[in-house]
Amino acid sequence: MAVDEKVFALMHEHLPPYFCRADVDKVTNGIVSSKTLANLASSNAGPTAHYMGRKCVYIKDEFLEWFYKYYSNIAGPETQLDALTRANRTETVYGYKSE
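Residues numbered from 1 in each chain as written. Predicted model: local features only at pLDDT ≥ 70, side-chain atom pairs only at ≥ 80, totals over all residues. Heavy atoms only, no water.

Draft legend 1. Summary view of the sheet that holds strand 1 (residues 18-20). Reading across from one edge, 1-3-2 is the order of the three strands in this open sheet, with antiparallel pairing throughout. The outermost strands of the open sheet, each flanked by one partner alone, are strand 1 and strand 2 (50-52). Geometrically, the sheet is characterised by an average inter-axis angle of 40 degrees between neighbouring strands, direction not taken into account. Pairing between strand 1 and strand 3 (residues 55-59): three bridges, direction antiparallel. Its bridge partner lying in strand 3, Phe-19 is registered against Tyr-58. The strands that helix 4 (residues 60-72) touches are strand 1, strand 2 and strand 3; relative to strand 3, the one it contacts most, it runs at about 80 degrees. (Pairing = 2+ DSSP bridges. Helix = DSSP H or I, 4+ residues; strand = E, 2+ residues; numbered from the N terminus. Axes fitted to C-alpha atoms, helices over the stretch in contact; angles between N-to-C directions. Contact = heavy atoms within 4.5 Å.)

Draft legend 2. Spotlight on the state of the cysteines. According to the stated counting rule, one finds zero disulfides in the structure shown. No disulfide involves Cys-20; its sulfur sits 8.1 Å from the nearest other cysteine sulfur, which is in Cys-56. Overall, the relative accessible area of 6% leaves Cys-56 in the buried class. (Disulfide = S-S within 2.5 Å. Buried < 20%, exposed > 50% of the residue type's maximum accessible area, 1.4 Å probe, protein only.)

And the structure:
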């Protein structure tokens, strides 16, 4: 799934210059979850985080750079090969075929 250029342009226009992780759900209108960012931060896969005391703060330009790269790398609809691989994995792990 590629980033929709219109949505990206609107985000660039309307995001505040900086925002807390706790507010990311609100400022992105639910596109990105604060829980997702916390999970990604634990594996150093999220946007650059800055801390003000215990508050995690993101800077708009750094966040959008990460957002564009992250959502450009997410796979699109499942292919037949993906479905076959998933079915084989289910059979191997659980001992039964999924349909």
